[in-house]
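Analysis of the macromolecular model
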Amino acid sequence: MSIAQIIQDAWNKQSKWLIALRPLSWLYQFGFTVNKQLYQKGIKKTYQAPVPVMIIGNITVGGSGKTPLLIQLVKYLQHHHVRVGVISRGYGGQGPFPALVTLDSVPDQVGDEPCLIVQSTEVPMVVGGNRQANIELLLQHYELDLIISDDGLQHWALARQIEWIVLDNNRGLGNQKLLPEGYLREPVSRLKHGTVIEHAHQPHSALNMHLEVTEPYLLNPSFDQSEQFDPTLDYYAVVGIGFPQRFYNTLESIGVTQFQCHEFPDHYDYEIDDLQFEDNNPIITTEKDAVKLLPLLKNHSTFSREIWVVPVGAVLSDECYLLLNQQLTQLGIDLIQG
């Protein structure tokens, strides 16, 4: 098990030994605070894009439901004829950057989440660590009304007009400590300075979302796609996401109770050996993992184990859409009905 996995497990269990990392958290807080103040005082320059920027991020490390939320917002905006584009760091991709993401892009080049976003929406998208370069390349190719930044809440070099912060109540805020003692990127007080979207099935806030599961599908290109999903089988749950427990909860919600957990780090670069087991039981995984597994299957045509994918979509409260409409109207962006 890698150091990253050990720490992630400790975060999820709120292990007491994490207190040994507190001096590093103090150092992180000092560096973070100084850097933020340099931007606030104008000592470091902030890039102001020529079109409005909306950031969808979180104050925690790991999964919060941010990507499904972004996909749903893009679909909503496209339906209402808003010309929207997306930028992202492209974590896990090797570049070269900045890079346009297309339906032919592969995770090794641009990252797994950007591939999933574009495959789901066909939205114009550019990835790379330099957000300004991403936006400039995006605007060279497309006329846009709005740019959504996938993550980047702590990227103070990018000016933004709207901030949505996803707060996963299932995972919570852990021990509420900053990195690396806890998994907070910013103090809890940061939630007072943005639009907080509560991710929960039983929310306390009017601004909320939850994930809804649709019918699992077979990933293997050469298999009979008409085969029906059977939740009573024994599965290998193969996941490389920030908060695996959410996926296990999802499996139980659709009646899958017999599964062995095989966890990998977030954005893990799979190899075919990771999918080999002693029997022929099928694998079950997430859509995010599937975008990395599909190229493996295409390169190993003799692989015979079924891989089932569990798709999820974000369901937003009506108040979320109402607020979004108000925020966009204030920026001069009108949503066309129908």
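An unreviewed UniProt entry annotates the protein as tetraacyldisaccharide 4'-kinase originating from Caenorhabditis remanei. Recorded in UniProt for the protein, the comment headed Pathway (unreviewed entry) runs: "Glycolipid biosynthesis; lipid IV(A) biosynthesis; lipid IV(A) from (3R)-3-hydroxytetradecanoyl-[acyl-carrier-protein] and UDP-N-acetyl-alpha-D-glucosamine: step 6/6."

1. Digging into the layout of surface pockets
Size it by volume and the second largest pocket reaches roughly 320 Å³. Lining the second largest pocket are 14 residues, with Asn170, His199, His201, Arg246 and Asn249 sitting closest to its centre. Elements with a contribution of two residues or more to the lining of the second largest pocket: β8 (208-213) and α7 (244-253). Split by residue class, the lining of the second largest pocket holds four nonpolar, eight polar and two charged. Both domains that furnish three or more residues to the lining of the second largest pocket are identified here as domain 1 (1-82 + 144-208 + 313-329) and domain 2 (214-309).

2. Quick notes on unusual backbone geometry
The phi angle of most residues is negative, glycine excepted, and most peptide bonds adopt the trans form. The step from glycine 95 to proline 96 runs through a cis peptide bond, and the omega angle for that step is 10°. Residue histidine 81 is not a glycine yet carries a positive backbone phi of 60°. Structurally, the position occupied by histidine 81 is in the loop between α3 (66-79) and β2 (84-88). Looking at histidine 81, the relative accessible area reads 47%, which means it is partly exposed.

Rules of the game
Residues numbered from 1 in each chain as written. Predicted model: local features only at pLDDT ≥ 70, side-chain atom pairs only at ≥ 80, totals over all residues. Heavy atoms only, no water. UniProt positions renumbered as here; feature names shortened; annotations may be inferred. 1 Å grid on protein atoms, 1.4 Å probe; cavity = no way out; pocket = protein on both sides within 12 Å on 5 of 7 lines; lining within 4 Å. Points joined across faces, edges and corners; volume = space filled by probe spheres on them. Helix = DSSP H or I, 4+ residues; strand = E, 2+ residues; numbered from the N terminus. Nonpolar A, V, L, I, M, F, W, Y, C, P; charged D, E, K, R; others polar. Domains from an automatic or database assignment. Buried < 20%, exposed > 50% of the residue type's maximum accessible area, 1.4 Å probe, protein only.

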